[in-house]
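# What the coordinates show
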Amino acid sequence: MKYSKIIASGSALPGLAVSNAALSERLAAQGVETSDQWIVERTGIRQRFLASDSDTSSSLGARAARAALEMAGVPADSVDLIVVATSTPDHIFPSTACYVQRDLGIHGGAAFDVQAVCAGFVYGLATADALIRTGAARRALVIGAEVFSRILDWTDRGTCVLFGDGAGALLLEASDAPGIHACRLHADSRHEPALRTAGGVRNGQVYGHPFLTMDGQAVFKIAVTVLDQVGREVCEASGVPLDSVDWLIPHQANVRILQAVTKRLGLAPEKAIVTVDQHANTSAASVPLAFDHALRSGMLKPGHRVLMEGVGGGFTWGAALATL
Ligand code: ACO
């Protein structure tokens with residue numbers, strides 16, 4: 001079999017939905033000033049889901065994976081590859097993918113994480129697609145799972161209002177027909193200072209600033225430019241003209257970025273799937289969460305062509321074009 005095909009999706013959100021108004025109140029108590037109006041006008045975000053102490057990337061990822069397996073009606077042990085995209089792994093090791101494998105009761109096949117921040121899901125999808133195409137795997141779970149709330153500086157109003165937690169999963173299997181037509185991945189570390197967590201743990205102590213910092217305007221410009229470029233590139237590689245793309249699922253960072261990319265690609269605004277208003281930016285989870293929302297609400301249908309795009313710290317970016 002020459003291709004991989006997406007056969008199902010699933011998602012998981014933590015139980016706590018926090019509106020902009022509730023977040024503003026909570027931050028005001030710490031002396032951090034923001035408002036629903038500012039957040040909606042600049043980002044389109046209306047609420048986000050925040051993890052409880054017991055939620056982890058693997059627990060959310062396993063829930064999303066189970067939902068995808070249920071949708072497809074296939075047993076967990078038929079999965080021979082699990083790829084988890086995350087920047088907020090449960091532990092340094094083992095990988096979050098191994099914990100997901102454990103939670104699903106699977107004992108075999110391959111399981112590993114990929115780290116490309118908000119482009120991680122597209123990187124994971126491209127990796128699973130390549131392994132299926134070579135015959136190394138036949139059925140794969142590709143999961144984006146994040147608890148980004150744990151790496152935010154809650155005193156920095158320029159970043160802490162933008163993110164949420166959650167997980168999404170796509171189930172892929174080997175197929176004679178596409179499926180995924182093509183994927184394209186890129187990285188350029190010259191943009192690294194615009195988005196990073198420049199700290200960590202060393203010799204038992206925290207060093208640097210291990211929370212997310214961002215130059216919002218620089219990120220905005222890079223994101224719009226590269227998502228336009230890679231969207232065109234993957235369509236050309238697939239031999240599919242942009243005007244026959246049915247749905248665009250870009251990384252859900254900010255509604256203004258989504259609108260600008262949709263316009264640059266020459267796509268009608270209603271072709272873009274938008275969930276950033278409900279989920280905020282869930283990093284590697286944002287594309288599969290949006291995909292699952294669109295599939296379950298009946299927007300995505302068999303035969304539709306879907307362009308998925310991610311961009312994140314590194315900088316990293318990429319796109320995948322699939323027929324459902
Ligand atoms: N509430 C109220 N005021 C705020 C807040 C807030 N949450 N955050 C910043 N401000 C204030 C600033 O202090 C500043 O005030 P000043 O004029 O008195 O100095 C004012 O708002 C304007 O600040 P800017 O940073 O210039 O605001 P900007 O219009 O650039 O919007 C934003 C900021 C929304 C982050 C924008 O730059 C953006 O959308 N960037 C894209 C970044 C993004 O989406 N990143 C997601 C993560 S990266 C990724 O996923 C790839």
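Quick summary incoming for the structure in this document. (Residues numbered from 1 in each chain as written. Predicted model: local features only at pLDDT ≥ 70, side-chain atom pairs only at ≥ 80, totals over all residues. Heavy atoms only, no water.)

## Quick notes on the packing of helix α7 (residues 216-238) against helix α8 (residues 255-264)
In a pair of packed helices, the angle between the axes and the distance between the axes together describe the arrangement. Orientation of α7 relative to α8, taken along the N-to-C sense of each, is 35°, at an axis distance of 9 Å. Our pair here, α7 against α8, has a crossing hand that is right-handed. Where α7 approaches α8, its residues F220, A223, V224, T225, L227, D228 and R232 are matched on the opposing element by R256, I257, A260, V261 and R264. Here the contact of α7 with α8 is built from residues that sort into seven nonpolar, one polar and four charged. (Axes fitted to C-alpha atoms, helices over the stretch in contact; angles between N-to-C directions. Helix = DSSP H or I, 4+ residues; strand = E, 2+ residues; numbered from the N terminus. Left-handed = near helix turned anticlockwise from the far one by under 90°. Contact = heavy atoms within 4.5 Å. Nonpolar A, V, L, I, M, F, W, Y, C, P; charged D, E, K, R; others polar.)

## Remarks on the pairing of strand β5 (residues 110-114)
Judged from the five bridges that link them, strand β4 (residues 81-85) and β5 form a sheet pairing that is parallel. Considered in β5, the bridge of I82 is made with A111. Where the polypeptide runs from β4 across helix α4 (residues 96-104) and back to β5, its parallel neighbour, the crossover connection is right-handed. (Pairing = 2+ DSSP bridges. Right-handed = clockwise from strand over helix to strand, strands pointing away.)

## What to know about the nonpolar core
With 47 residues, the main nonpolar core has L307 and F315 as its most contacted residues. Listed by contribution, the elements that provide at least two residues to this core are α1 (20-28), α7, α8, β14 (305-312) and β15 (316-323). Beyond its immediate chain neighbours, meaning those up to four positions away, L307 contacts G231, V234, C235, L242, V245, W247, L248, I249, L265, A319, A320 and L321. (Core = buried A, V, L, I, M, F, W, Y, C linked by side-chain atoms within 4.5 Å. Buried < 20%, exposed > 50% of the residue type's maximum accessible area, 1.4 Å probe, protein only.)

## Let's talk about unusual backbone geometry
Note the cis peptide between F93 and P94, where omega equals 0°. That bond from P178 to G179 is cis: its omega, 15°, falls within 30 degrees of zero. Within the secondary structure, G179 sits in the loop between β7 (166-175) and β8 (180-187). Here the phi dihedral of A280 falls at roughly 60°; this positive angle occurs in a residue that is not glycine. By secondary structure assignment, the location of A280 is in the loop between α9 (276-279) and α10 (286-296). Phi is positive for S283, which is not a glycine, with a value near 55°.

## Section: the site of the ligand
Surveying the vicinity of the ligand reveals 24 residues, the closest of which are T34, R42, H251, N254 and N281. Contact between the ligand and R42: an oxygen atom at 2.5 Å from a side-chain N or O atom of the residue. Between a nitrogen atom of the ligand and a main-chain N or O atom of G216, the distance comes to 2.9 Å. Coverage of the ligand by the protein amounts to 73% of the 1000 Å² it exposes when considered alone. Those elements that provide at least two residues to the shell around the ligand are α2 (36-43), α6 (157-160), α7, α8 and β14. No other element matches the four residues that α7 contributes to the shell around the ligand. When the residues that make up the shell around the ligand are grouped by side-chain class, the tally is 11 nonpolar, nine polar and four charged. (Near = heavy atom within 4 Å. Polar contact = N/O pair within 3.5 Å; in protein donor to acceptor, adjacent residues only side chain to side chain. Areas by Shrake-Rupley, 256 points an atom, 1.4 Å probe, with all protein chains shown as cover.)

Nothing here speaks to function; it is geometry throughout.
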